[in-house]
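Here are the chains, one letter per residue:
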Amino acid sequence: MADLKQQALQIFQRTLRAIDIPGTMRRKLARSGSTIQVNETPLDLASYSRIFAVAVGKASVAMASGLVDLLAPDFRAEGILAGPTAPAKPIDGFRAIVAGHPIPNQGSLEAGRAI
């Protein structure tokens, strides 16, 4: 039985590694020049002086990375990352806050205040 659990864990971990969150961000937020498409609504980023983003959850680091990649080099986003772990390396412009899940902790309160 332990062998089956180990195999299931390996399959699960391989599946998680195969998920391309930054790629999904690029597809969901299609950009052409200064225009970004958000839920079929075009937004001209050039008409904004600052871009703020909030990323919450286990995929927050990957989502913020995808957004930063999508906007570079013409635009810069800044914002808050709230997730269960700190990013391995900082995301330019984003403040990372380790927050509890499913039970809120002090980091959760800090993230809420920051947002």
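Let me sum up the structure you'll find in this document. (Residues numbered from 1 in each chain as written. Predicted model: local features only at pLDDT ≥ 70, side-chain atom pairs only at ≥ 80, totals over all residues. Heavy atoms only, no water.)

### Focus on the overall build of the protein
Next, step 1: When helices and strands are counted, the protein shows 4 helices and 6 strands.
Next, step 2: Ordered by position from the N terminus, the helices and strands of the protein form the series α-α-β-β-β-β-α-β-β-α.
Next, step 3: Relative to the globule expectation of 13 Å for 115 residues, the C-alpha radius of gyration of the protein, 17 Å, shows a markedly less compact shape.
Next, step 4: Each of the 115 residues in the protein was classed as buried or not, and the buried ones make up 25%.
Next, step 5: For the protein, restricting intrachain contacts to residue pairs at least 6 apart in sequence, the fraction spanning at least 24 positions comes to 44%.
Next, step 6: Carbon and sulfur atoms make up 58% of the accessible area of the protein, which amounts to about 8100 Å² in all.
Next, step 7: If the 13 positive side-chain charges of the protein are averaged to one point and the 9 negative ones to another, these points end up 7 Å apart. (Helix = DSSP H or I, 4+ residues; strand = E, 2+ residues; numbered from the N terminus. Rg over C-alpha atoms; globule rule 2.2 N^0.38 Å. Buried < 20%, exposed > 50% of the residue type's maximum accessible area, 1.4 Å probe, protein only. Contact = heavy atoms within 4.5 Å. Areas by Shrake-Rupley, 256 points an atom, 1.4 Å probe, with all protein chains shown as cover. Lys, Arg positive; Asp, Glu negative; His and termini not counted. Charge placed at Lys NZ, Arg CZ, Asp CG, Glu CD.)

### A word on the pattern of salt bridges
Next, step 1: Using the criterion set out here, one finds 4 salt bridges in the structure.
Next, step 2: Of the charged contacts, one joins Glu78 and Arg50 as a salt bridge, the two residues approaching to 3.0 Å between their closest N and O atoms. Here Arg50 lies in the loop between strand E3 (41-44) and strand E4 (51-56) and Glu78 lies in strand E5 (residues 77-83), a separation of 28 residues in the sequence.
Next, step 3: The partner of Arg76 in a salt bridge is Asp92, and the shortest N-O contact between them spans 3.6 Å. Here Asp92 lies in the loop between E5 and strand E6 (94-98) and Arg76 lies in the loop between helix H3 (60-71) and E5, a separation of 16 residues in the sequence. (Salt bridge = Lys/Arg side-chain N within 4 Å of Asp/Glu carboxyl O.)

### Regarding the packing of helix H2 (residues 21-28) against H3
Next, step 1: Running from N to C, H2 and H3 point in directions that differ by 50 degrees, and their axes come no closer than 8 Å. Comparing the axis directions of H2 and H3 gives the class oblique. Classified by chirality, the crossing of H3 by H2 is right-handed. Every residue of H3 that contacts H2 at Ile21, Pro22, Met25 and Arg26 is listed here: Ala62, Met63, Gly66, Leu67, Asp69 and Leu70. (Axes fitted to C-alpha atoms, helices over the stretch in contact; angles between N-to-C directions. Parallel < 35°, antiparallel > 145°, perpendicular 65-115°, else oblique. Left-handed = near helix turned anticlockwise from the far one by under 90°.)

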